[in-house]
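# Remarks on the overall topology
One-letter residues, chain by chain:
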Amino acid sequence: MDAVDATVEKLRAQCLSRGALGIQGLARFFRRLDRDRSRSLDSRELQRGLAELGLVLDTAEAEGVCRRWDRDGSGTLDLEEFLRALRPPMSQAREAVIAAAFAKLDRSGDGVVTVDDLRGVYSGHTHPKVQSGEWTEEEVLRRFLDNFESSEKDGQVTLAEFQDYYSGVSASMDTDEEFVAMMTSAWQL
């Protein structure tokens, strides 16, 4: 394991110590730091941003991380690739059940889950806020989708976003059997 891999392991452990949404929370925070919407940060922005969250990297570690995920030679790290690398590795069984749940939601089969896909799988008509007239069923479905989106809220959830969401959940479950049972029950697979 080289120094950058060790740094990523250190960051992953710090994120996961924050609970199931640690990496997803880090993703939201990074996107706020990314003021120019370039989806990248330089080493100083990375170091400063992580320090605000109590995740400490020294200058050499921050520069190494940026170099590893610098896709275009600009000296900045690509946020999506970096966040994907932070995601804890999952077993094949966990990846397969996540893919099966995503496939169930993706009724159109186009690799993206939208509100239209959800209409055939998830009903919001019994949601208390729909019953009270506060929300429409469309709003319930959209808010449900928002839970899985890690990028800008565009009404489309990709498999990568779905996996990112469940990687945090996965990290909090000790065994594959427990995770697979939870997913199977939750998504009626």
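When helices and strands are counted, the chain shows 11 helices and four strands. Principal-axis analysis of the C-alpha atoms places the extent of the chain at approximately 55 × 40 × 30 Å. Going through the 189 residues of the chain one by one, you find that 42% of them count as buried. When the accessible surface of the chain is summed, it comes to about 10,000 Å², and 49% of that surface belongs to carbon and sulfur atoms. If the 24 positive side-chain charges of the chain are averaged to one point and the 35 negative ones to another, these points end up 3 Å apart.

Looking only at helix α3 (residues 43-52), the buried set comprises S43, L46, G49 and L50. Viewed end-on, α3 has its buried residues packed into an arc of 135°, placing them on one side of the element. Set apart from the buried face of α3 by more than 90 degrees, the exposed residues are R44 and E52. Capping the start of α3, D42 holds a side-chain oxygen 3.1 Å from the backbone nitrogen of R44, two or three residues further along.

This part is about the nonpolar core. Judged by nonpolar contacts, the single largest core of 23 residues is most densely connected at L26, F30, L46, L50, V65, L77 and F82. Within the residue set of this core, elements represented by two or more residues are α1 (3-16), α2 (22-33), α3, α4 (59-68) and α5 (79-86). A total of five residues in this core trace back to one element, the largest contributor, which is α2. With residues up to four places along the chain from it excluded, the contact list for F30 reads L41, L46, L50, L79, F82 and L83. Counting 21 residues, the second largest nonpolar core, distinct from the first, contains V113, L118, F144 and W187.

This paragraph deals with the side chain of S43. Relative to the assigned elements, S43 resides in helix α3. By relative accessible area, which is 17% here, S43 ends up buried. Other than its neighbours up to four places away in sequence, S43 contacts A62, E63 and C66.

One pass over the full model with this rule turns up 11 aromatic pairs. In textbook terms, an aromatic cluster arises when at least three aromatic residues are bridged by ring pairs, as seen for F102, Y122, F144, F148, F162, Y165, Y166 and W187.

For α4, the set of buried residues is A62, G64, V65 and C66. A distance of 3.1 Å separates the backbone nitrogen of A60 from a side-chain oxygen at the start of α4, and that oxygen is part of D58.

This brings us to the confidence of the model for the chain. Detailed reading of the predicted coordinates is not advisable wherever pLDDT is low. Per-residue confidence for the chain gives a mean pLDDT of 83, with 94% of residues at or over 70. Mean pLDDT across the elements of the chain bottoms out in α2 (72) and peaks in helix α6 (residues 92-105) (95).

Before going further, it helps to examine the environment of S91. The residue S91 is located in the loop between α5 and α6 in this model. Using a relative accessible area of 25% as the deciding quantity, one classes S91 as partly exposed. Separated by 80 residues in the primary sequence, S91 and A171 place their C-alpha atoms 11 Å from one another.

Rules and cut-offs
For every chain, the first residue of the written sequence is number 1, and numbering continues from 1 onward in sequence order. Reporting in this predicted model follows two pLDDT cut-offs: at least 70 for local features of residues, and 80 or more for side-chain atom pairs to be given and counted; totals over whole chains, interfaces and linings ignore these cut-offs and use all residues. By convention in this description, side-chain values take in all heavy atoms of the structure and omit both hydrogens and water. Helix and strand assignments follow DSSP, with helices taken as H or I runs no shorter than four residues and strands as E runs no shorter than two, numbered in order from the N terminus. Exposure is judged per residue with a 1.4 Å probe applied to protein chains only, and the accessible area is read against the type maximum: over 50% gives exposed, under 20% gives buried, and values in between give partly exposed. For the area figures, the Shrake-Rupley method with a 1.4 Å probe applies, and any residue is considered shielded solely by the protein chains shown. As used throughout, the charge tally considers Lys and Arg to be positive and Asp and Glu to be negative, leaving His and the chain termini uncounted. In this description, the location of a charge corresponds to atom NZ of lysine, CZ of arginine, CG of aspartate or CD of glutamate. This arc is taken over the directions from the axis of the helix to the C-beta atoms. Distance and chemistry together define a polar contact, namely a pair of N or O atoms within 3.5 Å, with one atom able to donate a hydrogen and the other to accept it when in protein, and with adjacent residues in sequence counting only for side-chain atoms on both sides. Residue types Ala, Val, Leu, Ile, Met, Phe, Trp, Tyr and Cys, when buried and joined through side-chain atoms within 4.5 Å, form a set referred to as a nonpolar core. Contact definition: two residues touch when any of their heavy atoms are within 4.5 Å. Classification of ring pairs rests on two measures: the distance between centres of Phe, Tyr or Trp rings, Trp counted by its six-membered ring, which must be within 6.5 Å, and the angle between planes, read as stacked under 30 degrees, edge-to-face over 60 and tilted in between. Per-residue confidence from the predictor is given as pLDDT, running between 0 and 100.

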